[in-house]
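Observations on chain architecture
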Amino acid sequence: MEEAATPAPAARDGESERLRRWRLVLGGAAESSCGGLGGAEGGGTGGDAGMDAALAALYNRDGDGGANGRGGGPRSANLGGSAPSVADWLADIRGYFPSSVVRVMQTDALERLNLKRMLMEPEMMEAVEPDVHLVGTLLSLSQVMPEAARESARAVVRSVVEDLERRLAQRTRSVVQGALDRSARTHRPRRAADIDWNRTIRRNLAHYLPEYGTVVPQNLVGYARRSRGVQRDVVLAIDQSGSMAQSVVYAGVFGAVLASIRALKTSMVVFDTSVVDLTDQLSDPVEVLFGTRLGGGTDINRALAYCEGLIGRPQDSVLVLISDLYEGGVREEMVRRVASMTAAGVQVVVLLALSDEGAPSYSRENAAALAALGVPAFACTPDRFPDLMAAAIQGRSLKAWAEQEETGGAEPV
């Protein structure tokens, strides 16, 4: 009797799994016959309930009877205004489903959300205000777009990028170039205009003459003249997981602006579980953005290993890692790599986000490990990024900079 009864639990487990799958296919209407969903068995954040919500956002619509749904059930399209944003939904499905299923769902979304129609009809595009959120969504869907739609999407992306460049480029060049000029101090300034009077006065306070009410500047402090060669190497390493869409857009624009400064040698790599070097496309930020592949896993250690190979002058190099620090690779090796680069003199900057929306969800454990190495991780708004780069170029404490800027746009961990 005991031997005959042994397979029964396994059979029941198999039946439960079959019912669970049918419930996910058919939606909430099948709950009475298939049973409810658990909260943790689904394999992703939110478990089965979260997976069901992601499916419902795309495939549920009252009164459709399943004509457009998959699996023959009552699911059909509905990812409208009451549903989560498209960008959030795209990030969610990558956490719940394998890549082959994600591609099918993205293709369905392209049709069901009317994005294809919007892109193919100029009058509809004129009614939409292009912004960074839309660009992130278009880039997320770029791999499943028809070619004609890709051209329309490229035009939308270019309009947003040009607007960002107008807003950010001039100030970025001015602030960064000023930091480069000031990072080279000299005690023999060639002209009066090159003298840093504040530092000179502080240096010579011992030579104050009270009878004349003045300081005799025996030791001058000034700025060296602008070098014609490369003064700093900058490497941008950008996490292209779905949650980083806005950061990817801003980073692509800033990468192109930094690459236009002759005194900088700028490299740009994007990564998920692989690493793609987009340095040769930095002359056109639109090409950079369409060279990204938003979504997928994350291997920060692998990306840092590649970036290490790009750094030939550690003392004159700045590495900007833009990531939520959720590491899918070898965490201990990632931390060791950052420690090695900082010990060699590389100024490492870690941004949890480069956007106007504050810090996203991020790995607090990894952020704390980097902070222990003297590398704070914080979110930064695009408007403050030029000042951050200036601080990094001058070798200033980034922790102190973030604390000073906390009320102005940088949010330290």
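Residues numbered from 1 in each chain as written. Predicted model: local features only at pLDDT ≥ 70, side-chain atom pairs only at ≥ 80, totals over all residues. Heavy atoms only, no water.

Looking at the overall build of the protein chain
Per the secondary structure count, the protein chain includes 18 helices and eleven strands. For the protein chain, with 413 residues in total, the buried portion stands at 47%. Surface summary for the protein chain: the accessible area is close to 20000 Å², and the carbon and sulfur share equals 49%. (Helix = DSSP H or I, 4+ residues; strand = E, 2+ residues; numbered from the N terminus. Buried < 20%, exposed > 50% of the residue type's maximum accessible area, 1.4 Å probe, protein only. Areas by Shrake-Rupley, 256 points an atom, 1.4 Å probe, with all protein chains shown as cover.)

Regarding the pattern of salt bridges
Counted by the stated rule, this structure contains 15 salt bridges. Here R384 and D387 are joined by a salt bridge, their closest N and O atoms 3.4 Å apart. Using a relative accessible area of 16% as the deciding quantity, one classes D387 as buried. A cluster of three or more residues bridged by salt bridges with shared partners is formed by E17, R20, R21 and D48. (Salt bridge = Lys/Arg side-chain N within 4 Å of Asp/Glu carboxyl O.)

Description of the packing of helix α9 (residues 132–141) against helix α12 (residues 245–259)
Running from N to C, α9 and α12 point in directions that differ by 100 degrees, and their axes come no closer than 9 Å. It follows from the interaxial angle that α9 and α12 lie roughly perpendicular. Judged by residue contacts, V132, H133, V135, G136 and L139 of α9 engage A245, Q246, V249 and Y250 from α12. Residue classes in the contact of α9 with α12 are distributed as six nonpolar, three polar and no charged. (Axes fitted to C-alpha atoms, helices over the stretch in contact; angles between N-to-C directions. Parallel < 35°, antiparallel > 145°, perpendicular 65-115°, else oblique. Contact = heavy atoms within 4.5 Å. Nonpolar A, V, L, I, M, F, W, Y, C, P; charged D, E, K, R; others polar.)

Overview of the pairing of strand β10 (residues 377–380)
With burial as the criterion, each face of β10 is covered, one bearing A377 and A379 and the other bearing F378 and C380. Both strand β9 (residues 347–354) and β10 contribute to a ladder of four bridges, which runs parallel. Counterpart to L354 in the pairing with β10 is C380. (Pairing = 2+ DSSP bridges.)

Side note on a negative patch on the surface
Together, D88, D92, D356 and E357 line one region of the surface with negative charge. Relative to the helices and strands, E357 resides in the loop between β9 and α16 (364–372). (Patch = residues over 30% accessible without salt bridge, like charges linked within 9 Å, V, L, I, M, F, W, Y side chains within 5 Å. Lys, Arg positive; Asp, Glu negative; His and termini not counted. Charge placed at Lys NZ, Arg CZ, Asp CG, Glu CD.)

Remarks on a nonpolar patch on the surface
Among the surface-exposed residues, W197, I201 and L205 lie close enough to one another that they form a single nonpolar patch of about 310 Å² accessible area. With respect to the helices and strands, the residue I201 is situated in helix α11 (residues 197–203).

A short note on the packing of aromatic side chains
Counting across every chain of the model gives three aromatic pairs. Plain terms: the ring middles of F254 and F385 are 4.5 Å apart, the flat faces sit at 45 degrees to each other, and that makes the pair tilted. Of this pair, F254 sits in helix α12 while F385 is found in helix α17 (residues 385–393), placing the two residues 131 residues apart along the sequence. Owing to a relative accessible area of 1%, F254 belongs among the buried residues under this scheme. With a centroid separation of 6.0 Å and an interplanar angle of 40 degrees, the aromatic rings of F378 and W401 are classed as tilted. Separated by 23 residues along the polypeptide, F378 in strand β10 and W401 in helix α18 (residues 398–404) bring together distant segments of the chain. Residue classification places F378 among the buried residues on the basis of a relative accessible area of 0%. (Phe/Tyr/Trp six-rings, centres within 6.5 Å; stacked < 30°, edge-to-face > 60°.)

Remarks on the nonpolar core
Of all hydrophobic cores here, the largest spans 78 residues; its most connected members are W89, L258, V320, L351, F385 and L388. Top contributing element to this core by residue count: helix α10 (residues 147–183), with eleven residues. Setting aside residues up to four positions removed in sequence, L388 forms contacts with V349, L351, F378, C380, L398 and W401. Counting residues in hydrophobic clusters, the runner-up holds 26 residues, among them L319, V338, V348 and L370. (Core = buried A, V, L, I, M, F, W, Y, C linked by side-chain atoms within 4.5 Å.)

Some words on unusual backbone geometry
One non-glycine residue, L325, adopts positive backbone phi at about 70 degrees. When its relative accessible area of 0% is taken as the criterion, L325 is described as buried.

A short note on the pairing of strand β8 (residues 317–322)
Among the six residues in β8, six count as buried, and that is most of the element. Residues S317, L319 and L321 point to one face of β8 and V318, V320 and I322 to the other, with burial holding for every one of them. Note that strand β5 (residues 232–239) and β8 share six bridges and pair parallel. Note that in β8 the partner of L236 across the bridge is V320. With five bridges joining them, β8 and β9 adopt parallel strand pairing. Residue pairing in the sheet places V318 in a bridge with Q347 of β9.

Regarding the confidence of the model for the protein chain
For the protein chain, mean pLDDT is 79; residues scoring 70 or higher make up 78% of the total. Looking across the protein chain, the model is least confident in helix α1 (residues 2–5), with a mean pLDDT of 41, and most confident in β8, with 97. Confidence drops under a pLDDT of 50 for residues 1–12, and excluding neighbours within four residues, the segment shows zero contacts in the predicted structure. (pLDDT = per-residue confidence, 0-100.)

Regarding the environment of V157
Structurally, the position occupied by V157 is in helix α10. Distance from V157 to L138, taken between C-alpha atoms, is 8.1 Å for residues 19 residues apart in sequence. Setting aside its immediate chain neighbours within four residues, V157 contacts V135, L138, V286, L289 and F290.

A few points about α17
Of all nine residues making up α17, nine are buried, and the element is well covered by its neighbours. Inspection of α17 places F385, P386, D387, L388, M389, A390, A391, A392 and I393 among the buried residues, and these make up the whole buried set. One or two steps after α17, the chain reaches G395, where phi turns positive at roughly 75 degrees.

Digging into the environment of I195
Position of I195 relative to the elements: it lies in the loop between β1 (185–186) and α11. Using a relative accessible area of 12% as the deciding quantity, one classes I195 as buried. When the C-alpha positions of I195 and L220 are compared, they lie 7.0 Å apart, and in sequence the two are 25 residues distant.

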